[in-house]
Amino acid sequence: MKPSLRRSTAALLASSLLLTIGRGATLPFMTIYLTRVYSMSVENIGYALTIALTIGVVFSLGFGILADKFDKKRYMLIAIVAFIAGFVAIPLVDNVTLVVLFFALINCAYSVFSTVLKAWFSDVLTTSQKARVFSLNYSFLNIGWTIGPPIGTLPFWLAAFCAALPLGFIHFFVQKSVALDTAEEKMPWQPSVLLKDRALFWYTLSGLLASYVGGSFASCISQYVLAAHADSDFAQKVVAVVLPVNAAVVVTLQYALGRKISASNIRPLMTLATLFFIVGLGGFMVSGENLVYWGIAAAIFTLGEIIYAPGEYMLIDNIAPPGMKASYFSAQALGWLGAAANPMITGIILTNLPHWSLFVIMMVAIVIAWLMILRGMSVKAWCESPKVA
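Conventions used here
Residues numbered from 1 in each chain as written. Predicted model: local features only at pLDDT ≥ 70, side-chain atom pairs only at ≥ 80, totals over all residues. Heavy atoms only, no water. Axes fitted to C-alpha atoms, helices over the stretch in contact; angles between N-to-C directions. Helix = DSSP H or I, 4+ residues; strand = E, 2+ residues; numbered from the N terminus. Parallel < 35°, antiparallel > 145°, perpendicular 65-115°, else oblique. Left-handed = near helix turned anticlockwise from the far one by under 90°. Contact = heavy atoms within 4.5 Å. Nonpolar A, V, L, I, M, F, W, Y, C, P; charged D, E, K, R; others polar. Phe/Tyr/Trp six-rings, centres within 6.5 Å; stacked < 30°, edge-to-face > 60°. Buried < 20%, exposed > 50% of the residue type's maximum accessible area, 1.4 Å probe, protein only. Lys NZ or Arg CZ within 6 Å of the ring centre and 35° of its normal.

Draft legend 1. Quick peek at the packing of helix 10 (residues 198–214) against helix 14 (residues 291–319). Their axes nearest at 11 Å, the elements helix 10 and helix 14 cross at an angle of 155°. It follows from the interaxial angle that helix 10 and helix 14 lie roughly antiparallel. Seen along the crossing, helix 10 lies across helix 14 with a hand that is left-handed. Where helix 10 abuts helix 14, its residues A199, L200, Y203, S206, G207, A210, V213 and G214 lie against F301, Y308, E312, L315, I316 and I319. Residues that form the contact of helix 10 with helix 14 fall into these classes: 10 nonpolar, 3 polar and 1 charged.

This is the structure:
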């Protein structure tokens with residue numbers, strides 16, 4: 001790897017870490033924040049968070065697709081500025097509608113940055129480097145989720161300050177010309193291609209269900225504990241246990257496992273990941289008030305996550321043509337509507353069904369997601385260009 005490329009990659013990985021610290025300081029505790037500050041019910045909180053996350057995902061799709069037409073470095077800088085603006089605004093307003101809108105801005109900006117970041121890596125890295133860097137990035141994301149929650153009770157603008165550092169990293173260390181050094185022959189920018197790609201269709205549907213299960217599991221667990229135990233303090237303790245355990249498992253095992261994902265083993269590995277998800281969800285269901293059980297269940301759940309997440313990224317990279325990387329990753333990001341819908345669905349389930357049924361429904365969802373991945377892998381696009389490494 002060239003020194004300029006290594007420096008740019010390091011700067012972007014550090015930026016990804018810092019932005020996640022800021023997001024980790026807010027997202028898991030927004031349920032508790034809205035309960036304490038605005039006295040909202042669990043169901044109404046579910047609606048509020050779902051609206052914010054949905055707005056963020058939908059708008060990030062359009063912005064992400066456009067990223068293929070513009071300089072990715074400048075695009076990431078603009079996304080970070082919007083990210084910071086949302087953090088600064090939330091504590092300054094005293095209206096729940098504005099809080100939801102600014103939270104949507106934070107999530108939209110974060111999603112755009114994440115999409116363009118993956119597209120940048122996909123454009124400039126070799127196949128073997130991508131597997132390593134995707135896994136490193138996912139490890140850094142989880143380090144961010146470890147550091148973020150402990151500062152979640154501090155002012156939002158502390159998270160904004162943390163998110164501001166990447167502005168300097170990207171401006172000074174990420175070179176615009178890096179992508180040109182290793183550019184492949186690009187296909188014309190045609191967003192209509194996205195609608196015709198059957199593999200992308202199945203992977204996106206799979207991602208929708210998988211992100212419903214794993215994308216917002218921290219806030220989902222907070223809602224579950226609030227409903228089952230009616231204790232916001234205990235909910236905060238559970239989140240403070242689950243997220244660090246999740247991050248610790250990712251940091252220790254993600255790189256070792258993620259870098260070994262290949263076309264020959266991705267099918268059995270995704271199957272194994274699905275089994276880990278199911279066992280972990282079963283553990284959550286029986287954990288009750290025992291924080292040790294919550295931690296063990298989180299560890300098992302995370303074993304599924306560290307295989308599943310980079311596997312999804314590599315599946316998309318395999319089918320995305322040069323010049324359309326950001327567009328494909330943006331389309332994949334539509335799957336995060338599942339995570340966006342999680343708070344609302346969780347609130348409805350916890351209000352109308354037995355509390356334990358929440359995790360049974362998630363088990364069914366992850367099995368269907370696995371079947372959709374198998375369907376996507378069976379179409380012609382996967383067989384023609386097995387580039388996953």
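Read on, since the account is not over.
Draft legend 2. Main features of the packing of aromatic side chains. Counted by the stated rule, this structure contains 13 aromatic pairs. Summarising the aromatic geometry, the rings of W120 and F121 are spaced 5.8 Å apart at their centres and angled 75° between planes, so their arrangement reads as edge-to-face. Taken as a pair, W120 and F121 share a single burial class, namely buried. When the centroid spacing of 6.0 Å and the interplanar angle of 55° are considered together, the rings of F134 and Y313 count as tilted. Of this pair, F134 sits in helix 6 (residues 127–147) while Y313 is found in helix 14, placing the two residues 179 residues apart along the sequence. Its relative accessible area of 2% is what places F134 among the buried residues. The buried category is assigned to Y313, whose relative accessible area is 11%. Joined through ring pairs, the aromatic side chains of Y224, F277, F284, W294, F301, Y308 and F359 make up one cluster. For the cation-ring pair, R23 lies above Y110, with the distance from its terminal atom to the ring centre recorded as 4.6 Å.

Purely geometric numbers; function is a separate question.
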